[in-house]
Amino acid sequence: LAFASSVAAVPRSRASRPGRRVARGSLVVRAAARSEFASFFPDEVTALEEPAAVEMARRARQISVDVPGRARPVMTSCVSSAAPEGGEQNAPFVLLHGFDSSCLEYRRLFPLLAERAETHAVDLLGWGFTDAGDSGIGDYSPEAKRAHLYAFWQQEIGRPVTLCGASLGGAAAIDFATAHPECVARLVLVDAQGFIEGLGPMGVFPRPVALAGVNILKTKILRSTANQMAYCDKAKFATTDAMRVGQLHTFQPQWADATLSFMKSDGYKVASRVRKITQKTLILWGREDSILDTKYASRFLEEVPDSELKWVERCGHVAHLEQPSVMRDLLFEFAGVQVGA
């Protein structure tokens, strides 16, 4: 499906102790206190070690977004940064995470983009720390995710953006860009899922069987496997802490039911819409991607009318995590952002 980077569960009795110190070889990292993070995070947030992850979580907030057709406002989790001085004319960047992930996925790229442009990393409806207030028993289909993203765009941005989607977030970006072309000036697809239709048999399983399948997504063994597959340099990046970051949102009380709702909808089916993309499109693909076949990069290039392909060397499935500076430079060039401005 998409990048599921995650981790073994951290027991609450340990994770909630402020000031716990975590030893890693000769490096000692002081764990952050619970009070440093918003209340919508689970206590396991205090186990995060990577400074970029801790800082991203500290900056995260929930904003109330009214979405037509929903009984309650959607408390939308995101990390946003206003345009810096001199960057007001640059189109905002909007970053969409992959399947069963969160905005923390952009912890290394976000601050680099925010140096020159307004930037938003948004948790899609049903994932991350976005809470629709229905305990996950509601509509979390691709159409519902699109309606939520559009309401967020209307309320928080209101001008054309450079929309970036990674893995299954690429399918979400294609879905949004083709449904609301007025909102998207440029499109960036990062090792994107666009030609694999639906979710297969999961959508037709009885609820108890499907829910059991969903809960497997939370397990250490699956998260560890996905974490290993995601990177080229596994020794450097496929760490236990990377798994912690990827798993954190699965401790949210609405997570299992919201994910099940999405799976019962049969997921994204955007292959027929790829040729209908009207925006100038940048296709980024890790040369060593072992999750999605690199043949899809060439297919996107063939089918998206106004597109260009850039290979990211020494990189697996997640350029924004493994080569963030390279991706920053490519995005700035593509979007016309002046680095030295």
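Calculation criteria
- Residues numbered from 1 in each chain as written.
- Predicted model: local features only at pLDDT ≥ 70, side-chain atom pairs only at ≥ 80, totals over all residues.
- Heavy atoms only, no water.
- Helix = DSSP H or I, 4+ residues; strand = E, 2+ residues; numbered from the N terminus.
- Buried < 20%, exposed > 50% of the residue type's maximum accessible area, 1.4 Å probe, protein only.
- Contact = heavy atoms within 4.5 Å.
- Areas by Shrake-Rupley, 256 points an atom, 1.4 Å probe, with all protein chains shown as cover.
- Core = buried A, V, L, I, M, F, W, Y, C linked by side-chain atoms within 4.5 Å.
- Salt bridge = Lys/Arg side-chain N within 4 Å of Asp/Glu carboxyl O.
- Pairing = 2+ DSSP bridges.
- Right-handed = clockwise from strand over helix to strand, strands pointing away.
- Axes fitted to C-alpha atoms, helices over the stretch in contact; angles between N-to-C directions.
- Left-handed = near helix turned anticlockwise from the far one by under 90°.
- Nonpolar A, V, L, I, M, F, W, Y, C, P; charged D, E, K, R; others polar.
- Expected span 1.5 Å × (residues − 1).

### A word on the overall build of the chain
Then comes step 1: Check the secondary structure of the chain and you find 13 helices and 10 strands.
Then comes step 2: Scored against the burial criterion, the 341 residues of the chain give a buried share of 59%.
Then comes step 3: Intrachain contacts of the chain at a sequence separation of at least 6 include 76% that bridge at least 24 residues.
Then comes step 4: With the model as given, the accessible surface of the chain reaches about 13400 Å², and the carbon-plus-sulfur share is 52%.

### Some points on the nonpolar core
Then comes step 1: Counting residues in each nonpolar core, the largest one holds 57 residues, and the members touching the most others are Leu96, Leu163, Phe262 and Phe300.
Then comes step 2: Examining the composition of this core, we find that 7 residues originate from one element, helix α5 (residues 168-179), more than from any other.
Then comes step 3: Setting aside its immediate chain neighbours within four residues, Phe262 contacts Phe99, Trp127, Tyr140, Pro142, Lys145, Leu168, Leu199, Gly267 and Tyr268.
Then comes step 4: In terms of nonpolar packing, the next biggest core, distinct from the first, is built from 42 residues, Phe37, Leu48, Ala53 and Leu95 among them.

### Things to note about the pattern of salt bridges
Then comes step 1: This model, assessed by the stated rule, comprises 19 salt bridges.
Then comes step 2: Between Asp175 and Arg273 there is a salt bridge, with its nearest N and O atoms 2.8 Å apart. Here Asp175 is found in helix α5, whereas its partner Arg273 is found in the loop between α10 (255-264) and β9 (280-286), with 98 residues between them in sequence.
Then comes step 3: Judged by its relative accessible area of 3%, Asp175 falls in the buried class.

### What to know about the pairing of β9
Then comes step 1: Counting buried positions over the 7 residues of β9 gives 6, a clear majority of the element.
Then comes step 2: Pairing geometry for strand β8 (residues 184-190) and β9, over 5 bridges, is parallel. Among the inter-strand pairings, Val190 is bridged to a residue of β9, identified as Leu284.
Then comes step 3: Where β9 and strand β10 (residues 307-312) come together, 6 bridges link them in parallel fashion. Bridge pairing in β10 places Trp285 opposite Trp311.
Then comes step 4: Each parallel crossover has a hand, and for β9 linked through helix α11 (residues 295-303) to β10 it is right-handed.

### Here's the deal with the packing of helix α4 (residues 142-156) against α5
Then comes step 1: Where α4 meets α5, the closest approach of the two axes is 10 Å, and the angle between their N-to-C directions is 65°. When you trace α4 past α5, the crossing you get is right-handed. For the pair α4 and α5, contact is made by Pro142, Arg146, Leu149, Tyr150 and Trp153 and by Asp175, Phe176 and Ala179, respectively.
Then comes step 2: Split into classes, the residues belonging to the contact of α4 with α5 amount to 6 nonpolar, no polar and 2 charged.

### Description of the sheet that holds strand β6 (residues 119-122)
Then comes step 1: Across the sheet, 8 strands lie side by side as β3-β4-β6-β5-β7-β8-β9-β10; this open sheet has mixed pairing. Looking along the sheet, the strands with just one partner apiece sit at the ends: β3 (61-65) and β10. The average undirected angle you get between the axes of adjacent strands in this sheet is 25°.
Then comes step 2: Contacts between helix α2 (residues 51-59) and the sheet are confined to β3, β4 (74-81) and β6, with β4 contributing the most and set at about 125° to the helix.
Then comes step 3: Sheet strands touched by helix α13 (residues 324-335): β5 (93-96), β7 (161-166), β8, β9 and β10. Its angle to β9, the strand with the most contacts, is close to 165°.

### Considering α13
Then comes step 1: For α13, spanning 12 residues, the distance from its first C-alpha to its last is 16 Å, which sits close to the expected 16 Å at 1.5 Å a residue.
Then comes step 2: For α13, every residue scored as buried is listed here: Pro324, Met327, Arg328, Leu330, Leu331, Phe332, Phe334 and Ala335.
Then comes step 3: Gly336 sits one or two positions beyond α13 and adopts a positive phi of about 75°.

### What to know about unusual backbone geometry
Comment: phi is negative for the bulk of residues other than glycine, and the bulk of peptide bonds are trans.
Then comes step 1: Of note, Ser135 is a non-glycine position whose phi angle comes to about 60°, a positive value.
Then comes step 2: Here Ser135 is to be found in the loop between β6 and α4.
Then comes step 3: The phi dihedral of Asp191 is positive, around 45°, even though this residue is not glycine.
Then comes step 4: Within the secondary structure layout, Asp191 lies in the loop between β8 and α6 (207-216).

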